[in-house]
Amino acid sequence: MKYLFKTLGYYAIFLILIIFICSLLNLIEVNSTITNLVLFIFNLMAFFIFGFKNGKKAVSKGYIAGLKMSGLFILVLIVINLFTAKNFFNVTTIIYYILLILAGTFGGMMGINKKEETK
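Residues numbered from 1 in each chain as written. Predicted model: local features only at pLDDT ≥ 70, side-chain atom pairs only at ≥ 80, totals over all residues. Heavy atoms only, no water.

A.B. asks: Got a sec to walk through the overall build of the protein? Specific residues and values, please.
C.D. replies: When helices and strands are counted, the protein shows four helices and zero strands. Along the chain direction, N to C, the helices and strands of the protein fall in the order α-α-α-α. Along the three orthogonal principal directions, the C-alpha set of the protein runs to about 50 × 25 × 25 Å. Residue pairs at least 24 apart in sequence account for 76% of intrachain contacts in the protein once pairs closer than 6 positions are excluded. Split by element, the accessible area of the protein, about 7,900 Å² in all, is 74% carbon and sulfur. (Helix = DSSP H or I, 4+ residues; strand = E, 2+ residues; numbered from the N terminus. Contact = heavy atoms within 4.5 Å. Areas by Shrake-Rupley, 256 points an atom, 1.4 Å probe, with all protein chains shown as cover.)

A.B. asks: How would you explain the nonpolar core if you had to name every residue and give the values?
C.D. replies: Looking at soluble globular proteins, one finds that nonpolar side chains tend to be buried together. Counting residues in each nonpolar core, the largest one holds 13 residues, and the members touching the most others are Y11, F47, F50, F73, I74, L77 and L100. Broken down by secondary-structure element, the contributors of at least two residues to this core are α1 (2-27), α2 (32-57), α3 (62-84) and α4 (91-118). Among the elements that make up this core, the one with the highest residue count is α3 (four residues). (Core = buried A, V, L, I, M, F, W, Y, C linked by side-chain atoms within 4.5 Å. Buried < 20%, exposed > 50% of the residue type's maximum accessible area, 1.4 Å probe, protein only.)

A.B. asks: Please set out a nonpolar patch on the surface residue by residue, giving values where relevant.
C.D. replies: A cluster of nonpolar side chains, namely F89, V91, I94, I95, I98, L99 and L102, defines an oily patch on the protein surface of about 680 Å² accessible area. Relative to the helices and strands, I95 resides in helix α4. With relative accessibility at 44%, the residue I95 sits in the partly exposed group. (Patch = residues over 30% accessible without salt bridge, like charges linked within 9 Å, V, L, I, M, F, W, Y side chains within 5 Å. Salt bridge = Lys/Arg side-chain N within 4 Å of Asp/Glu carboxyl O.)

A.B. asks: Can you explain α3? Please cite residues and give values.
C.D. replies: Helical geometry: 3.6 residues make up each α-helical turn, so side chains three or four residues apart lie on a common side. With 23 residues, α3 should cover 33 Å at 1.5 Å per step; its first-to-last C-alpha distance of 33 Å lies within 8% of that length. Along α3, the positions that sit buried rather than exposed are G62, A65, G66, M69, S70, F73, I74, L77 and N81. (Expected span 1.5 Å × (residues − 1).)

A.B. asks: So what about the side chain of T35? Which residues, and what values?
C.D. replies: Counting through the fold element by element, T35 comes out in helix α2. Leave out the neighbours within four places in its chain, and T35 touches C22, L25, N26 and V30.

A.B. asks: Describe the packing of α2 against α3, naming the residues involved and giving the relevant values.
C.D. replies: Running from N to C, α2 and α3 point in directions that differ by 140 degrees, and their axes come no closer than 8 Å. Compared by their axis directions, α2 and α3 come out oblique. The interaxial crossing formed by α2 with α3 has right-handed handedness. Where α2 approaches α3, its residues N43, F47, F50, G51, N54 and G55 are matched on the opposing element by A65, M69, S70, F73, I74 and L77. Here the contact of α2 with α3 is built from residues that sort into seven nonpolar, five polar and no charged. (Axes fitted to C-alpha atoms, helices over the stretch in contact; angles between N-to-C directions. Parallel < 35°, antiparallel > 145°, perpendicular 65-115°, else oblique. Left-handed = near helix turned anticlockwise from the far one by under 90°. Nonpolar A, V, L, I, M, F, W, Y, C, P; charged D, E, K, R; others polar.)

A.B. asks: Help me get a handle on the side chain of T93, residues and values and all.
C.D. replies: Along the chain, the position of T93 falls in helix α4. Judged by relative accessible area, which is 17%, T93 ranks as buried. Within the structure, T93 has its side chain in polar contact with the side chain of N90 (distance 2.9 Å). (Polar contact = N/O pair within 3.5 Å; in protein donor to acceptor, adjacent residues only side chain to side chain.)

Right, dumping it as structure tokens:
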């Protein structure tokens, strides 16, 4: 559990950096679709990487470790979305969250498999 909160801190720092980069892209008038795509890709990569690291530390069932980590991160994103979004629940945000959870779960599965290969 201690590791999850440490990972949550790393994710918060990563999220702040990505938001800063996307804000700079908006400042130089890059299309908002491109900015949203950059944010989505970096978020997917973050979920996968953190799921992978969490899966490597898991004793068994890496998908559960990735799912726990993804659930915690999604909770953070939902809280942020509560305060910033006008329409909170729509189909696109739910699909977005599902894709992020799948990326974290897949990362956890890959991490536990990589752990077993190195033994």
